[in-house]
Amino acid sequence: MMMIRSPSIRLVLSSLMMPLHIHVVFQVMSQINNTASAFPVVHIARKSLSMRRLRRGALPIVYVAPESMELPNVERIFAVSDLHTDDSMNFKWLEEKCQNADTSCCPGPNDALIVAGDISHDLDQIEATLRVLKEGLQCEVFFVIGNHEAWVGGEAMTELGLTDSLPKLDAINELCHSLGVITEHRLVGTDNKFPAWILPMQSWYDGTLSFPWCSDLCEDFTTWPWVDFTRCSWPDEFARDSTDLDNPRIPDGLVEYFLEKNEGAIHEIQKSYSLRQQSKEKLPGLITFTHFLPNKQTLPDWKTPESDNFSRSWFDHGAAGVSAKFAKVAGSKLIDEQIRSIWPDLNGNDDSSEPIRH
């Protein structure tokens, strides 16, 4: 496993058998350190694809992605999350990085940048940030929502009629489309040696990543001041049964709602892999990303990702209660299950019980 650290995120990449599947995992940080020098990067080697020799007269079954799905010139893929540019210092930092971008360590015209949520709760600030990225770096920008994007409330949003979270998220997707920011899957780097699918995955949290044997640290969960519980507004169908004492206040069924939105893209990617496999072509890589965590091993306090067993001794920072409660709102094991469903053979192992190290 390779880990790349930056002041704004922790990026964990799985080193698996080729073709490669990478799931980008972001650890929430409250503010960007002004000493940051670069975005983390995943490289796609620049080299023309060689054509597979065909038997004379053979009619190959070849998957060709629609032109609208391909970004053939992408050479490198960068990733960042939790920009939180409603903080003026963070926005200033980002402007400076984009205005004086060193393409040896920052995205450029032949690159793609993944932005995995939590830009801001404010629509104007989201637009300003995406414009800085698009216009300053001149790269392809991929985006998926985080929990802050779902916040509603305040005079500006009320004037726009955005009093519920789902319509607000729809408005953000429309904004992205108008700016040329990509919120759907794309096949990138097809002019290079190792092309890959990039799949933004919508998601939320459901309490399924709770630390084992730590319920005593969550006894005050009903009064814990997690802002989502007051700033997000969901339809009544996602209200949790009052008898559920383990995860009160967490929407019920919201993860499934968002994951269902990913299924169309997943089906398209599965189709491409199936047809390429039939024609014995090399399969593209797969890069999936969400704002939310897909399994317990990706939690910040899970000190040994290779272990399936948690030790309370890993709470060595004096804020065990905060960590235990955060685990409930960090993500969902259903994200992990959906990732595994895309194409198990990408891991070089048909055994779905073998852990995918995100």
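The structure presented is a predicted model; accordingly, all values stated were derived computationally and were not measured.

J.: I would appreciate a short explanation of unusual backbone geometry in the present structure.
T.: Of note in this structure, Gln-138 is not a glycine but carries a positive phi near 60 degrees. Inspection of the secondary structure assignment puts Gln-138 in the loop between α2 (123-137) and β8 (140-143). Backbone geometry at Lys-280 places phi at a positive 60 degrees, although glycine is not the residue there. Looking at the element boundaries, Lys-280 is found in the loop between α6 (254-278) and β11 (285-289).

J.: Is there a simple way to think about the packing of helix α1 (residues 88-99) against α2 in this case?
T.: Geometrically, a packed helix pair is captured by the angle between its two axes and the distance between the axes. Between α1 and α2, whose axes approach to 9 Å, the crossing angle comes to 15 degrees. Between α1 and α2, the angle is such that the two are roughly parallel. Crossing of α1 against α2: the hand is left-handed. For the pair α1 and α2, contact is made by Phe-91, Leu-94, Glu-95 and Cys-98 and by Gln-125, Ala-128, Thr-129, Val-132, Leu-133, Gly-136 and Leu-137, respectively. Class assignment for the residues of the contact of α1 with α2 results in seven nonpolar, three polar and one charged.

J.: What exactly am I supposed to notice about the confidence of the model for the protein here?
T.: Predicted coordinates in regions of low pLDDT should not be interpreted in detail. Averaged over all residues, the pLDDT of the protein is 81; the fraction at 70 or higher stands at 77%. Below pLDDT 50 for its whole length, residues 26-39 participates in 50 contacts with residues either more than four positions away or in separate chains. Ignoring residues within four places in sequence, the model shows residues 41-62, a span with pLDDT below 50, making 39 contacts including any to other chains.

J.: I tried to follow the pairing of strand β7 (residues 111-115) on my own but got confused; where do I start?
T.: Every regular strand shows the same layout, with side chains that alternate between the two sheet faces. Burial of β7 is extensive: five of the five residues sit out of reach of the surface. In β7, alternate side chains face the same way, and those of Asp-111, Leu-113 and Val-115 on one face and Ala-112 and Ile-114 on the other are all buried. As paired strands, strand β6 (residues 76-80) and β7 are joined by five bridges and run parallel to one another. Looking at the pairing, Arg-76 lines up with Asp-111 of β7. Each parallel crossover has a hand, and for β7 linked through α2 to β8 it is right-handed.

J.: Please clarify how the nonpolar core should be interpreted in this entry.
T.: Residues Val-115, Leu-130, Leu-133, Trp-204 and Trp-234 are the most contacted members of the largest nonpolar core, which totals 75 residues. Counting residues per element, this core draws most heavily on α6, at eight residues. In this view, Trp-234 contacts Ala-150, Ser-165, Leu-166, Leu-169, Trp-204, Pro-251, Leu-254 and Phe-258; residues no more than four positions away in its chain are not counted. Listed in part, the 14 residues of the second largest apolar core include Ala-79, Phe-142, Val-144 and Ile-198.

J.: Before we go on, may I ask you to explain the pattern of salt bridges in this structure?
T.: Any two side chains of opposite charge can pair, given that their charged atoms come close. A complete count under the given rule lists 10 salt bridges for this structure. A salt bridge links Glu-184 to Arg-186; the shortest N-O distance between them is 3.9 Å. Here Glu-184 falls in the partly exposed class, since its relative accessible area comes to 45%. A salt bridge links Asp-220 to Lys-325; its shortest N-O distance comes to 3.0 Å. Of the two residues, Asp-220 is situated in the loop between β10 (196-200) and α5 (228-231) and Lys-325 in helix α7 (residues 320-328); the sequence distance between them amounts to 105 residues.

J.: I tried to follow the packing of α6 against helix α8 (residues 333-342) on my own but got confused; where do I start?
T.: Following both chains from N to C, one finds α6 and α8 inclined at 10 degrees, their axes separated by 10 Å at the closest point. Classified by the angle their axes make, α6 and α8 are roughly parallel. Contacts from Val-255, Glu-256, Leu-259, Asn-262, Glu-263, Ile-266, Ile-269 and Gln-270 of α6 reach α8 at Leu-334, Ile-335, Gln-338, Ser-341 and Ile-342. Of the residues assigned to the contact of α6 with α8, the class counts are seven nonpolar, four polar and two charged.

J.: Any chance you could explain the packing of aromatic side chains here in plain terms?
T.: The tally for this structure, following the rule as stated, stands at 20 aromatic pairs. When the ring of Trp-204 is compared with that of Trp-234, the centres are 5.1 Å apart and the planes differ by 75 degrees; the resulting orientation is edge-to-face. Taken together, the positions of Trp-204 in the loop between β10 and α5 and Trp-234 in the loop between α5 and α6 put the pair 30 residues apart, joining distant regions of the chain. Judged by its relative accessible area of 0%, Trp-204 falls in the buried class. Assessed through its relative accessible area of 17%, Trp-234 is described here as buried. Here the aromatic cluster, defined as three or more aromatic residues joined through ring pairs, consists of Trp-204, Tyr-205, Trp-234, Phe-238, Tyr-257, Phe-258 and Phe-292. The side chain of Lys-328 reaches across the aromatic face of Phe-221, ending 5.5 Å from its centre.

Reading guide: rules and limits
- Residues numbered from 1 in each chain as written.
- Predicted model: local features only at pLDDT ≥ 70, side-chain atom pairs only at ≥ 80, totals over all residues.
- Heavy atoms only, no water.
- Helix = DSSP H or I, 4+ residues; strand = E, 2+ residues; numbered from the N terminus.
- Axes fitted to C-alpha atoms, helices over the stretch in contact; angles between N-to-C directions.
- Parallel < 35°, antiparallel > 145°, perpendicular 65-115°, else oblique.
- Left-handed = near helix turned anticlockwise from the far one by under 90°.
- Contact = heavy atoms within 4.5 Å.
- Nonpolar A, V, L, I, M, F, W, Y, C, P; charged D, E, K, R; others polar.
- pLDDT = per-residue confidence, 0-100.
- Buried < 20%, exposed > 50% of the residue type's maximum accessible area, 1.4 Å probe, protein only.
- Pairing = 2+ DSSP bridges.
- Right-handed = clockwise from strand over helix to strand, strands pointing away.
- Core = buried A, V, L, I, M, F, W, Y, C linked by side-chain atoms within 4.5 Å.
- Salt bridge = Lys/Arg side-chain N within 4 Å of Asp/Glu carboxyl O.
- Phe/Tyr/Trp six-rings, centres within 6.5 Å; stacked < 30°, edge-to-face > 60°.
- Lys NZ or Arg CZ within 6 Å of the ring centre and 35° of its normal.

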